[in-house]
Amino acid sequence: MFVSAKNCAIDTTMSTCDSDLESHNGGIDLTSKKPRQTASADVASVCKGFLTTYREYCSHTSLHGVQYLGEHQRPMRERIFWLCAFVISIYGCATLIVSAYTKWTETPVIVSFAEKSTPVWNIPFPAITVCSETKRVLKAKGKETTFADLYSQFNNEMRSSRVFKPQNISAREMEEFRTLLHVCNTQIIDQAMPLIAGDDVDYFDVLERMLPQFDRYFFYCRWLSRFSECDKFFRKTLTEEGICFTFNGLRATDIYREDTYQYRHSADALEMENISSHTAWSLETGYDLESDVITYPARVLSAGARSGIFLALQSFKQEVDYACRGPVQGFKVLLHAPDDVPQVSKQFVRIPMGKEVLIAVKPSMITMSSGIAEYHPLRRQCFLSHERSLRFFKVYTESNCQLECLANFTLTKCGCVKFSMPRNMDMPVCGEDKIYCYDRAERELLVREFHRVKALNAAREDPRGVESACNCMPACTSLVYNTEISQANFDLEEMLLAEGDTDFMEEYPGSQMSRLSIYFKQSQFITSKRSELYGITEFLANCGGIFGLFMGFSILSLVEMIYHFTLRFCTNMKHLVKVEE
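Read on for a plain summary of the structure.

1. Observations concerning the environment of Glu241
Link 1 in the chain: With respect to the helices and strands, the residue Glu241 is situated in the loop between strand E8 (234–239) and strand E9 (242–247).
Link 2 in the chain: Residue class for Glu241 comes out buried when judged on its relative accessible area of 7%.
Link 3 in the chain: Sequence separation of Glu241 and Val344 is 103 residues, and the distance between their C-alpha atoms is 7.1 Å.
Link 4 in the chain: Of the polar contacts made by the side chain of Glu241, one reaches the side chain of Lys332; its length is 2.8 Å.

Have a look at this one:
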């Protein structure tokens, strides 16, 4: 049908060619010049075929404005006008498509609210780490050398000598003093502190030896409306503040790798952990669909205090050592995900003595759609569990990664690591002369990271996607427990006096009891979700819209162009060859 539309042009061309050939045939010997004339004739035929195809394409294409370029009768100034308009349209298309491509490559992911709410039984109850501010029970004066006495001598020796050798101190008391230097106010330790003579200390063993009696400080617990002894729910956990106690956290054997100190010093499983399905849980996959109500990590089915945990915590006035932990006493409580290693000094809730504290938990969870799993981690700004392997941890979380990075930095800077940091069995543990070094290491690491990322941002036009030295981006699925706290006075002594009960205070003289209740505030919560903001479908749709707006271009327009300059061009060439023959 395209040939019929151009009959006049083709016939005129053919007749001209025929007349030329006839006029030349009269005076030229075709046999002697045949190769050269055949080559020039081929070039002329190709040009004629291309020109014919071009005019056919211009008259039939769906692209806006192109038909005016191929009309031979149209004035030259009009064709130049439409050529300029067409070039400007192409430039506008290219500019907008480059902008769309930049958006597609650099901001492909958006964090938005999920389509529906999530029930609290889909996530574990928060892991709860409780640390008493009493690191060593203060004995009656004269029975034992206190930390205050030894630290006073230590300060005097700091000014006069480089070696601290106190008199009339047993080896046991010296070990305890050296250990307390690591868990008391480390900020007061000077860089020029005197050396302390003695062998290496196993700080975990000494801390365990100094621990206050557990059942006196953790008086009783109630979990899911069932009262029980607290040792059925809590296990010992080594933290930067000494030995604390954790409820509903994964065991060290589930978090740490086999060659670490923490793995080898893992305590036995608690009664509530002996559930066959507990290994199926992970933050990415959640609970197994076939798991029962009773799981580990434990979960609850509803909100409210009756579906939470209740603790009666107790401390004693005469046992508090203010020289070690300062004027604020009581307990520190940290709520964290079960697969996170607790870092109590970073974020905690104070439980003062003689108070009742209620903590209403509001979970904040970020999940990920399957569509962005194929993206590079720097593009989606998060890691899947298999994409970032840690040296000391089996489970990747941002918190665990940062702790490992700090341990590696401290080892490089100080030649050792703090006793609570993750480490292999052959890594040296910092002594008292390195307290100042490791205490400032975290600050130096943060400053170094800040300057490094700042320099990389200055060298790049786009600051997004810069990888830090620690490379600790968030996990693609993360869980944080936000809290709302309320408290009131809890005057146990006055209540007992009013009831005429004197037995309790005689059995526990100096008791200062605090009560703690932790529960979910609501039965359902809204999760956030990482999903594709700008995937390949959106990119193509955007490009199609831009092409259609400026030029009327579509996929069929491309097919049309390919057809005319391949199949149709060949057809025209064959027709020209037949006419010339």
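2. Digging into unusual backbone geometry
Link 1 in the chain: Residue Pro297 is bonded to the preceding Tyr296 through a cis peptide linkage, with omega at 0°.
Link 2 in the chain: Within the secondary structure layout, Pro297 lies in the loop between helix H11 (261–264) and strand E10 (309–316).
Link 3 in the chain: One non-glycine residue with positive phi stands out, namely Ser225, at about 70°.
Link 4 in the chain: Among the secondary structure elements, Ser225 is positioned in the loop between strand E6 (218–223) and strand E7 (226–228).

3. Looking at a nonpolar patch on the surface
Link 1 in the chain: A grouping of Phe50, Leu558, Met561, Ile562 and Phe565 is seen on the molecular surface, where their side chains present a nonpolar patch of about 430 Å² in accessible area.
Link 2 in the chain: Top element by residues in the nonpolar patch is helix H19 (residues 555–580). It accounts for 4 residues.
Link 3 in the chain: Locating Ile562 in the fold gives a position in helix H19.

4. Focus on the nonpolar core
Link 1 in the chain: Core analysis: the biggest nonpolar cluster contains 76 residues, and Phe125, Val130, Phe218, Phe234, Phe247, Ile309 and Ile518 have the highest contact counts within it.
Link 2 in the chain: Top contributing element to this core by residue count: helix H14 (residues 398–414), with 6 residues.
Link 3 in the chain: Among residues more than four places away in sequence, those in contact with Ile309 are Phe125, Ile128, Arg222, Trp223, Phe234, Phe247, Leu516, Ser517 and Ile518.
Link 4 in the chain: In this structure, Phe177, Cys184, Val201 and Cys324 belong to the second largest nonpolar core, which totals 30 residues.

5. Here's the deal with the pattern of salt bridges
Link 1 in the chain: Applying the stated criterion across every chain yields a total of 22 salt bridges.
Link 2 in the chain: A salt bridge links Glu133 to Arg325; the nearest nitrogen and oxygen atoms lie 2.9 Å apart. In this pair, Glu133 sits in the loop between strand E3 (127–132) and helix H6 (147–160) while Arg325 sits in helix H12 (residues 322–325), placing the two residues 192 residues apart along the sequence.
Link 3 in the chain: Between Glu387 and Arg380 there is a salt bridge, and its shortest N-O distance comes to 2.6 Å.
Link 4 in the chain: The exposure class assigned to Glu387 is partly exposed, which follows from its relative accessible area of 28%.
Link 5 in the chain: One salt-bridge network, held together by shared partners, links Glu133, Glu241, Arg325, Lys332 and Arg350.

6. Description of the packing of aromatic side chains
Link 1 in the chain: Counting across every chain of the model gives 28 aromatic pairs.
Link 2 in the chain: On the numbers, 5.5 Å between centres and 75° between planes, the contact of Phe81 with Trp82 is edge-to-face.
Link 3 in the chain: For Phe81, a relative accessible area of 52% gives the class exposed.
Link 4 in the chain: Taken together, a centroid distance of 5.0 Å and an interplanar angle of 40° make the contact between Phe504 and Tyr508 tilted.
Link 5 in the chain: When the ring centre of Phe316 is taken as origin, the NZ or CZ atom of Arg216, which lies over that ring, is 4.0 Å away.
Link 6 in the chain: Positioned above the aromatic ring of Tyr375, the side-chain terminus of Arg379 is 4.7 Å from the ring centre.

7. Some points on the sheet that holds E3
Link 1 in the chain: Judged by pairing direction, the sheet is antiparallel, and its 5 strands sit side by side in the order E8-E9-E3-E11-E12 without closing on themselves. A strand with exactly one partner marks an edge of an open sheet, and here the two such strands are E8 and strand E12 (349–351). Mean inter-strand twist for the sheet, computed between neighbouring axes without regard to direction, equals 30°.
Link 2 in the chain: Strand direction decides the pairing type here: E8 and E9, joined by 6 bridges, are antiparallel. Directly across from Thr239, in E9, lies its bridge partner Gly242.
Link 3 in the chain: Here helix H8 (residues 203–210) sits on the sheet in contact with E8 and E9, set at roughly 75° to E9.

8. As for the state of the cysteines
Link 1 in the chain: Scanning all chains against the criterion turns up 8 disulfides.
Link 2 in the chain: Covalent S-S linkage joins Cys414 and Cys437, the inter-sulfur distance amounting to 1.9 Å. Linking Cys414 and Cys437, the disulfide has an S-S dihedral of approximately -95° and is accordingly described as left-handed. Taken together, the residues Cys414 in helix H14 and Cys437 in helix H15 (residues 435–459) connect sequence positions 23 residues apart.
Link 3 in the chain: Judged by its relative accessible area of 6%, Cys414 falls in the buried class.
Link 4 in the chain: Each sulfur of the disulfide joining Cys416 and Cys430 lies 2.0 Å from the other. In this structure, the disulfide formed by Cys416 and Cys430 twists by about 100° around the S-S bond and is classed as right-handed. You can see Cys416 sitting in the loop between H14 and H15 and its partner Cys430 sitting in the loop between H14 and H15, a full 14 residues away along the chain. Pair check on accessibility: Cys416 and Cys430 agree, each one buried.
Link 5 in the chain: Here Cys93 stays free of any disulfide, with the sulfur of Cys543 as its closest cysteine sulfur at 9.4 Å.

9. Topic: the packing of helix H5 (residues 76–106) against helix H18 (residues 536–551)
Link 1 in the chain: Remark: H5 packs on H18, axes separated minimally by 9 Å, with the N-to-C direction vectors making an angle of 165°. Viewed along their axes, H5 and H18 adopt a mutual orientation that is roughly antiparallel. In this structure, H5 crosses over H18, and the sense of that crossing is right-handed. Within the contact between the two elements, H5 uses Phe86, Ser89, Ile90, Gly92, Cys93, Leu96, Ile97, Ala100, Tyr101 and Trp104 and H18 uses Ile536, Phe539, Asn542, Cys543, Ile546, Phe547, Phe550 and Met551.
Link 2 in the chain: Split by residue class, the contact of H5 with H18 holds 15 nonpolar, 3 polar and no charged.

10. Describing the pairing of E3
Link 1 in the chain: Where burial is concerned, most of E3 is hidden: 6 out of the 6 residues are buried.
Link 2 in the chain: Alternating residues of E3 divide into Ala127, Thr129 and Cys131 and Ile128, Val130 and Ser132, and every residue in both groups is buried.
Link 3 in the chain: Pairing of E3 with strand E11 (residues 331–336) involves 6 bridges; the strand directions are antiparallel. Bridging across to E11, Val130 finds its partner in Val333.
Link 4 in the chain: One ladder, built from 3 bridges, connects E3 with E9; its direction is antiparallel. Paired with Thr129 across the strands is Thr246, a residue of E9.

11. Focus on the packing of H14 against H15
Link 1 in the chain: Their axes nearest at 9 Å, the elements H14 and H15 cross at an angle of 115°. The pairing of H14 with H15 is recorded here as roughly perpendicular in orientation. The handedness of the crossing between H14 and H15 comes out as right-handed. On the side of H14, the interface is formed by Cys405, Leu406, Phe409, Thr410, Lys413 and Cys414, while H15 contributes Cys437, Tyr438, Ala441, Glu442, Glu444, Leu445 and Arg448.
Link 2 in the chain: Of the residues in the contact of H14 with H15, the class split is 8 nonpolar, 1 polar and 4 charged.

Rules of the game
- Residues numbered from 1 in each chain as written.
- Predicted model: local features only at pLDDT ≥ 70, side-chain atom pairs only at ≥ 80, totals over all residues.
- Heavy atoms only, no water.
- Helix = DSSP H or I, 4+ residues; strand = E, 2+ residues; numbered from the N terminus.
- Buried < 20%, exposed > 50% of the residue type's maximum accessible area, 1.4 Å probe, protein only.
- Polar contact = N/O pair within 3.5 Å; in protein donor to acceptor, adjacent residues only side chain to side chain.
- Patch = residues over 30% accessible without salt bridge, like charges linked within 9 Å, V, L, I, M, F, W, Y side chains within 5 Å.
- Areas by Shrake-Rupley, 256 points an atom, 1.4 Å probe, with all protein chains shown as cover.
- Salt bridge = Lys/Arg side-chain N within 4 Å of Asp/Glu carboxyl O.
- Core = buried A, V, L, I, M, F, W, Y, C linked by side-chain atoms within 4.5 Å.
- Contact = heavy atoms within 4.5 Å.
- Phe/Tyr/Trp six-rings, centres within 6.5 Å; stacked < 30°, edge-to-face > 60°.
- Lys NZ or Arg CZ within 6 Å of the ring centre and 35° of its normal.
- Pairing = 2+ DSSP bridges.
- Axes fitted to C-alpha atoms, helices over the stretch in contact; angles between N-to-C directions.
- Disulfide = S-S within 2.5 Å.
- Parallel < 35°, antiparallel > 145°, perpendicular 65-115°, else oblique.
- Left-handed = near helix turned anticlockwise from the far one by under 90°.
- Nonpolar A, V, L, I, M, F, W, Y, C, P; charged D, E, K, R; others polar.

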